[in-house]
Every structure is written in structure tokens, then in C-alpha cells.
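# Residue-level structural notes
Each chain, written out:
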Amino acid sequence: MTKYQFKLVDSLEKVMPARSPEELSELSLKGYLGERISFQLAYTCENDDLGHSGTKFCIQLESPLKPHLHLRKVGLVPCAYPCHGSVDSDYLTTEPGLYPDVLLPASEKEEFKAIPKQWRAIWIDVDGDIVDIEAGRYPISLRINDLSGERIQEKQLTVSILQEKLPKQELMHTEWFHGDCLADYYQVPVFSEEHWDILSRFMQSASRCGVNMLLTPVFTPPLDTAKGGERTTIQLVDVKVEEGEYSFSFDKLKRWIALCRSCGIRYLEISHLFSQWGAIAAPKVMAKVEGKERKLFSWDTPAVGGEYTRFLHVFLPELKRFLKEEGILEDTFFHISDEPKEEDMDSFHAAVESVKDLLQDCKVMDALSSFAIYRRGDVKKPVVSVNHIEPFVEAKVQNLWAYYCTGQAVEVPNRFIAMPSSRNRILGVLCYVYRLEGFLHWGFNFYNSEKSREHIDPYKVTDAGEAFPSGDPFLVYPGKEGLPYESLRLVVLQEAMADLRVLQMAEQKLGRDKVMAGIERLAGEKISFKNYPRDKRFFYQLRTFLQECLE
């Protein structure tokens, strides 16, 4: 005979197969109009007949909110490289294994299978697009039946929809969007109609979770590519060379911009003008030269002083003119080269100087970690790794951006699969505390191995080929028929962005000083990127404080 066990747990609980999850302490959840509210039903079973009695069950949802409720199954994914050799105590595990991450489509018609001696979970969302519902408390009943229809158990909780509507997100937020990886995974031609459809679905997924800026491949982004290697060509600008003169077509870029706008993406982030890690070469640029397709520039093209410099002096004015006509130049950001280091500064400086006059009226930003490099003046808008941001804060650098990636693995927030979700969600509060203008991450959907030496299956490889802690390369999985499957980490990131918006809403009413005082009182200290609450109860206490302030 099978004995089931069910628990209602919150969205910050990662239901690990071998650990009994923490049950919701209060069976009441709250959220604002426009905010997605998520929770989970965790389950396991025991039997003494080698499973012959069956371990499958169904869920029946009953609630006035039923049209806005969505079920998904929390799938396990492999983590062969859960962490680097240097870690802190705030990891769920440092052991390789199978851990919860991908949210797989499900419905009330689904037959869920409990696995003896293992915990699994079903993810349940209250749709964040609710705008036409009255504020109030709504009961939700989860009736759990076996396949014959006999009731096994019933779980109940309430969801309160608060009257205020979340304000618009002010933080600029980019998760690098890799359109080539989508073409590679789905095996469709780049910018075919099938590819445009897939791009649209993944853009919508990004936008829904707080991404409002998109990496835009005017030329194939020179990112995460081995020197001398190539990524699949993805180039929005068509280039022609006739009798030594350049001309451009921006038709694909125009369609990209229209798609971004339709998906709620406001800002463009033009792909880097020079190679990564030193700006020593040009990006890959394809062109029709006297009617024949060929590679115009790539790794063998010097970044500065040759034909590529002449090319940029023709191309950039034309690109700016087009962006201005589209009414988006003011919301466009340019990059020189990603993550320059001290040994790269001569080549980086030369690259900056080669386009300085062309971009003097534009927004230009780059990721870096060295304040000494920043002081040289080549990077006007730094995007700073969170473990190196304090010197920039102390120097009162205005309109700061921050990022984290594989290197931010000790003390500071991040969202590796092996980390607790609270370490992911704290980002919203810290963006508020630091008054960040923007946040950047390199991996929304990077489905290549390190340096793009080969394509990977993200359901089998979550670490770019044992290069980065599992989860660092992507937040979303490529699902069936071109549909994106969110990770639970992406939903939690959306919750972090909602925290930020609620904090900003409270500031409008109370003033920043009172909001900051409330944060520090609940945290028990002045918080920073290295010192912040690790207990997920902080977020519920914070929301209660903010709700009381807004009433």
C-alpha cells in the first residue's frame, strides 16, 4: 500500500530529492496587482510492495482565482559542476547530482508520479497579469486524488491580492540574449520565419521576468568565443561592398526593434564592437562583396588602424541615423569590449579612441572589475562585478550598474542551481540599497560550451561543459515547439524585481530614509553585497513591513 506525504511550500524552497522541505508556516500569500505569486506542492511516498500498488495521483484546483492558476512540474536537471573549488557556507550542496530547476508544462489532467523515498514538487502560479480583479482574500483548494478519483488529501491556502498596482520597473535589466543558440538548438536557419517566432517567445519570457534591455546582434557578438573560433552567424545588419564602398540595410534590425517593443523591451544593447578580453580584433562581419557572400572581418582583422577602423567610421554614423529615425537612439547602449583587464588596457584604450568621436553623443558601457582601470577614464559607464563594487560606491560613481557571473561565487549573491533561492532573490533589495541604474548578466540562454567550442543540450549539460557552476549559463530552457520553459531561478529573479518595485513604491510614500531604516532593522545590520540576510523569512518580514507602510 502506498502512503503519500504532501506539503505546501513557498517559492524560495528548493525541493531537493533527498531532503524533506520546510512547510509553509502561514497558509496565506500576498501580492500586488501585476505581481506573480508562486508556491509549491511538495510530495513523496512510501510503499511496501515494490511500487505495484501505484504511486500516481492527480490534482484538482478549486478557487475563484482558478482561471489565473497555472501548474508546472519541477523537473530535475544534472549538476555535474555545482560549484567552484572556493565556496562559502551558503550553498544547498556542493555535491554533483540531480537538482530542481526546470519548470515543465503540466495541467489538472496530468498524472503525477510520486517516487518512493524522494521529494518532488509541483509549481503553482497565480498569474501576474491580473489587472481586472478586485483586491481581497481568495481561497485556493488543492484536492489530491488517486487515479480512481478517490480523495487522498486536500490542501488549502489563501492568496490576498492587494489593492496597489506594482509601479513600472525603473531598473535597466539585461540578461544577455543569445539568438544564435536558439537557432542552433532548434536547428532552424537564422532569421527564418521559424527563428523569428522562437525569438518572439523567448523575448516575451525575458520581458515577463523583468528584462527590459536586449543584447542586439548588429553583428555576431564577439562573446564567449575561443580565439580563432566562431559562433553561428547572427547579423541583423546586411553589409554590401561595391567598388570598395560600404552600404547597409537595416531591415532585419527594424524588425528586431519592432519585436522588442511588442514584447515590452524598451532598451537596446548593441553587441560589442571589438573582441572580448582585450579588444584586439574585430567581430565577425559578413558581407556581400561584389555580389558574393564572404567574411569581411574576424579574428585576423586588427581592431584598430586598418580597414575595420574605416568600416566603423562609415557604419556607426549610418547606424545612429537609423536608430534616431526609429526613435530609439536615446534608449540604446553601446559596448567596446567585455571585461578588459590591466594587461589589455593598451589595446582597449586604442579601441576606445578609434570610435570616441563617433560615439561621443551615445551611451557606452562595459563590464569591468578594477577601479584602477576605471580611473584611467576609458570606461565612462562601468558595469561592476558585485564583489568589486565598493570602491566605486565610495567614490560616488553615479548611475552605477552591477553584474555577477561565474566568478561571483563566494559571499555575494548569485543564482547557481546549488545555491538557495534567497541568495537569488536578495538582488532586488540590493539594487534598491545601492541605487543601481542597471543590472547585467551574461546568460539568459547560452546553450554552448565554454568559449562556444560546441553546442550543448541544456537538459544534459547545465555548466557549459564543466566550465561554470550549473545554472550560470542560462535561466530558461528550450522547450517543445519553440516554447521557453522557465527555471524556478527565473521566477525567483522576477520576485526580486517585484521587491525592488515595491520598495520604490514605498519610497514614494515614506521617503527613502524610512524605507532604508526598515530594511536595516529587519536585517539586523547595514546590508551590502557581502553582508545581507540569508534567511528567507527576511523577505516575508520585509513585505509585511512595506504593506503596512502602504496601507
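Residues numbered from 1 in each chain as written. Predicted model: local features only at pLDDT ≥ 70, side-chain atom pairs only at ≥ 80, totals over all residues. Heavy atoms only, no water.

### Considering the environment of lysine 295
Checked against the element boundaries, lysine 295 lands in strand β17 (residues 292–297). Considering only alpha carbons, one finds lysine 295 and lysine 284, eleven residues apart in sequence, at a separation of 7.1 Å. Apart from the residues lying within four places of it in its own chain, the contact partners of lysine 295 are Glu230, Lys284, Val285 and Met286. (Helix = DSSP H or I, 4+ residues; strand = E, 2+ residues; numbered from the N terminus. Contact = heavy atoms within 4.5 Å.)

### Comments concerning the sheet that holds strand β13 (residues 238–242)
The strand order across the open sheet built from four strands is β14-β13-β16-β17, with neighbouring strands paired in mixed fashion. At either end of the open sheet lies a strand with only one pairing partner, and these are β14 (245–249) and β17. Strand after strand, the sheet turns through a mean of 35° between neighbouring axes, direction not considered. Strand direction decides the pairing type here: strand β16 (residues 285–289) and β17, joined by five bridges, are antiparallel. Among the inter-strand pairings, methionine 286 is bridged to a residue of β17, identified as lysine 295. Packed on one face of the sheet, helix α4 (residues 307–325) meets β13, β14, β16 and β17 and runs near 40° to β14. (Pairing = 2+ DSSP bridges. Axes fitted to C-alpha atoms, helices over the stretch in contact; angles between N-to-C directions.)

### Side note on empty space enclosed by the protein
This structure, assessed with the given rule, holds five cavities of 30 Å³ or more. The volume enclosed by the largest cavity comes to roughly 120 Å³. As for the largest cavity, its lining consists of 14 residues, and the residues nearest its centre are Pro222, Thr225, Gly229, Lys284 and Trp299. A breakdown of the residues in the lining of the largest cavity according to their chemical character gives six nonpolar, five polar and three charged. Estimates place the volume of the second largest cavity at around 70 Å³. In terms of lining, the second largest cavity is formed by Gly34, Glu35, Arg36, Ser38, Leu166, Val491, Gln494, Glu495, Ala498 and Arg501. Per-class residue counts for the lining of the second largest cavity are three nonpolar, three polar and four charged. (1 Å grid on protein atoms, 1.4 Å probe; cavity = no way out; pocket = protein on both sides within 12 Å on 5 of 7 lines; lining within 4 Å. Points joined across faces, edges and corners; volume = space filled by probe spheres on them. Nonpolar A, V, L, I, M, F, W, Y, C, P; charged D, E, K, R; others polar.)

Interpretation in functional terms is not warranted from these geometric data alone.
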